[in-house]
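Remarks on the overall topology
Next come the chains, spelled out residue by residue.
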Amino acid sequence: MTDKPQRIEVNNKTGITLDYLITTHTDFRTLKPGKSVTLTNFSTPVFVNINPQESNYLVAYTVSVTAKTNTLVVNVTLANKLDNRTLNLDETEAVYLY
């Protein structure tokens, strides 16, 4: 809901270290295997890039919403083929994966 504070929770379920950033808002930060981070204090539209630190790995995102906390939950797992690398949460509450 755009009338409440929005949150994006990123869960690293890959077993490898990830780099992530909110495009134009932050520099790359790291997320260790098995750890989570919650992104707050942003305004939509927002683009989040999540990539493996080592280029020989591929990742995939699964996304869900926790309505009670207005949180977009992003679970990142290893993939066997090229998948998404960017998440876009737009000003109409739509979520796009690229």
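Above: the structure in question.
The text that follows walks through the structure, step by step, so that each part is easy to find. Sequence positions are assigned chain by chain, starting from 1 and proceeding in written order. Local features are withheld for residues below a pLDDT of 70 in this predicted model, meaning they are given only at 70 or higher, and side-chain atom pairs are given and counted only at 80 or more; totals for whole chains, interfaces and linings count all residues. With hydrogens and water excluded, all non-hydrogen atoms of the structure serve as input to the side-chain values.

With that out of the way, let us pick up the sheet that holds strand β9 (residues 95-97). Strand pairing is assigned whenever DSSP detects at least two bridges linking the two strands. Going along the chain from the N terminus, every DSSP run of H or I of four or more residues is numbered as a helix, and every run of E of two or more is numbered as a strand. The five strands lie next to each other as β3-β2-β5-β8-β9, forming an open sheet whose pairing is antiparallel. This sheet does not close on itself; its edge strands, each paired only once, are β3 (29-31) and β9. Taken pair by pair, the neighbouring strands of this sheet meet at an average axis angle of 25 degrees, ignoring direction. Here strand β2 (residues 18-22) runs beside strand β5 (residues 46-52); their pairing, made up of five bridges, is antiparallel. Bridge assignment links Leu-18 to a residue of β5, and that residue is Pro-52. An axis is simply a line fitted to the C-alpha atoms; with a helix, the fit covers only the stretch in contact. Between two such axes, the angle follows the N-to-C directions and lies from 0 to 180 degrees.

Residue placement: Asn-88 occurs in strand β8 (residues 86-89). Side-chain polar atoms of Asn-88 contact the backbone oxygen of Val-46, separated by 3.2 Å. By the convention used here, residues are in contact when the closest approach between their heavy atoms is within 4.5 Å. The residues contacting Asn-88, other than those within four sequence positions of it, are Pro-45, Val-46, Phe-47, Ala-94, Val-95, Tyr-96 and Tyr-98. Each polar contact in these results corresponds to two N or O atoms within 3.5 Å; when the atoms are within protein, one needs to be able to donate a hydrogen and the other to accept it, and residues that are neighboring in sequence are counted only if both atoms are side-chain atoms.

Time to look at the environment of Asn-75. Residue position: Asn-75 is located in strand β7 (residues 71-78). Spatially, the C-alpha atom of Asn-75 lies 6.4 Å from that of Val-63, the residues being 12 residues apart in sequence. Once you skip the residues sitting within four places of it in the chain, Asn-75 turns out to touch Asn-11, Lys-13, Ala-60, Tyr-61 and Thr-62. Within the local environment of Asn-75, its side chain forms a polar contact with the side chain of Asn-11, the two groups lying 2.9 Å apart.

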